[in-house]
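Geometric and topological summary
Below, each chain spelled out in residue letters.
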Amino acid sequence: MARIIGITGGIGSGKSVVSRLLRCRGFEVYDCDFRAKVLMEASDELKRVMCERFGEGTLAGDGSLNRSFVAQCVFGDDAHRLWLNERVHGMVRRDLARAADECLCDVMFVESAIMKTSRLDEMCSEIWLVQAPLELRVERVVERDLCGADHIRKRIEAQKREFELLAAPVREIVNDNSQPLSVRIDNLLKQI
């Protein structure tokens with residue numbers, strides 16, 4: 001079984017860039033967002049209980065999840081969001097354990113913006129927390145998503161607690177453009 005190292009950070013910090021650079025170096029990186037979507041689509045049981053909970057709009061005409069409808073159901077309703085998260089996070093944790101078991105490398109990485117909420121931090125031997133100055137993060141996301149800066153600042157504020165009291169030791173990667181990110185990653189790789 002491969003040792004798991006987490007990669008996390010708030011919106012605009014650069015965690016996906018860190019993941020891409022690690023893949024370029026030959027490491028396996030488990031992308032939680034992508035895998036959660038795959039697992040949700042593949043689970044007829046989850047789709048069935050989601051339909052029972054959210055109603056007939058849960059599925060599109062072709063039987064796939066109607067993601068925009070589900071997002072509307074969970075966005076303003078904490079009970080719905082917690083119910084769905086409990087099911088999906090459990091599926092992702094089991095899938096990550098399987099992937100680590102099958103990994104041929106000594107180390108694999110897992111990228112998640114919600115490492116603590118999903119309890120993935122409990123599976124990691126350490127976590128790399130990608131950090132960047134607030135205004136640089138806002139600038140990056142405004143440019144990427146073509147949305148307003150105030151909206152991004154609110155999202156950043158809402159994420160703050162996600163990076164407190166993680167269950168594994170934390171190493172910071174500062175992604176502020178003062179030094180190439182690849183150099184910072186290589187320095188951390190030397191320590192594992």
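Scroll up a little and you will see the structure.
Residues numbered from 1 in each chain as written. Predicted model: local features only at pLDDT ≥ 70, side-chain atom pairs only at ≥ 80, totals over all residues. Heavy atoms only, no water.

This paragraph deals with the sheet that holds strand 2 (residues 29-31). Strand order in this open sheet of five strands is 2-3-1-4-5, and the pairing throughout is parallel. Two strands close off the open sheet at either side, each with one partner strand: strand 2 and strand 5 (170-174). In this sheet, neighbouring strand axes are inclined to one another by 25 degrees on average, regardless of whether the strands run parallel or antiparallel. The pairing of strand 1 (residues 3-8) with strand 4 (residues 126-131) spans four bridges and is parallel. Looking at strand 4, one finds that Ile5 is bridged to Glu126. Helix-sheet contacts for helix 1 (residues 15-24) involve strand 1, strand 2, strand 3 (107-111), strand 4 and strand 5, and the interaxial angle to strand 1 is about 140 degrees. (Pairing = 2+ DSSP bridges. Helix = DSSP H or I, 4+ residues; strand = E, 2+ residues; numbered from the N terminus. Axes fitted to C-alpha atoms, helices over the stretch in contact; angles between N-to-C directions. Contact = heavy atoms within 4.5 Å.)

Let's shift gears to the side chain of Ser13. Locating Ser13 in the fold gives a position in the loop between strand 1 and helix 1. We classify Ser13 as buried; its relative accessible area is 0%. For Ser13, the side chain forms a polar contact with the main-chain oxygen of Gly10, separated by 2.7 Å. Only 3.5 Å separates the side chain of Ser13 from the backbone oxygen of Val130, close enough to count as a polar contact. Once residues lying within four places of it in the same chain are set aside, the contact partners of Ser13 are Val130, Gln131, Ala132, Arg137, Arg140 and Asn175. (Buried < 20%, exposed > 50% of the residue type's maximum accessible area, 1.4 Å probe, protein only. Polar contact = N/O pair within 3.5 Å; in protein donor to acceptor, adjacent residues only side chain to side chain.)

Below, the discussion takes up the packing of aromatic side chains. The full count for this structure, using the stated rule, is three aromatic pairs. When the centroid spacing of 5.4 Å and the interplanar angle of 90 degrees are considered together, the rings of Phe27 and Phe109 count as edge-to-face. With Phe27 in the loop between helix 1 and strand 2 and Phe109 in strand 3, this pair connects stretches of sequence that are 82 residues apart. (Phe/Tyr/Trp six-rings, centres within 6.5 Å; stacked < 30°, edge-to-face > 60°.)

This brings us to the pattern of salt bridges. Side chains that differ in charge, positive against negative, can pair when their charged atoms come close. With the rule as written, the count across this model stands at 17 salt bridges. For Asp78, the salt bridge is made with Arg81, and the minimal N-O distance between the two is 3.0 Å. With a gap of three residues between them, Asp78 and Arg81 both fall in helix 5 (residues 78-102), about one helical turn apart. With its nearest N and O atoms 2.8 Å apart, the salt bridge here joins Arg144 to Asp145. Owing to a relative accessible area of 35%, Asp145 belongs among the partly exposed residues under this scheme. What emerges from the salt-bridge pattern is a single network uniting Arg35, Asp95, Arg98 and Glu102. (Salt bridge = Lys/Arg side-chain N within 4 Å of Asp/Glu carboxyl O.)

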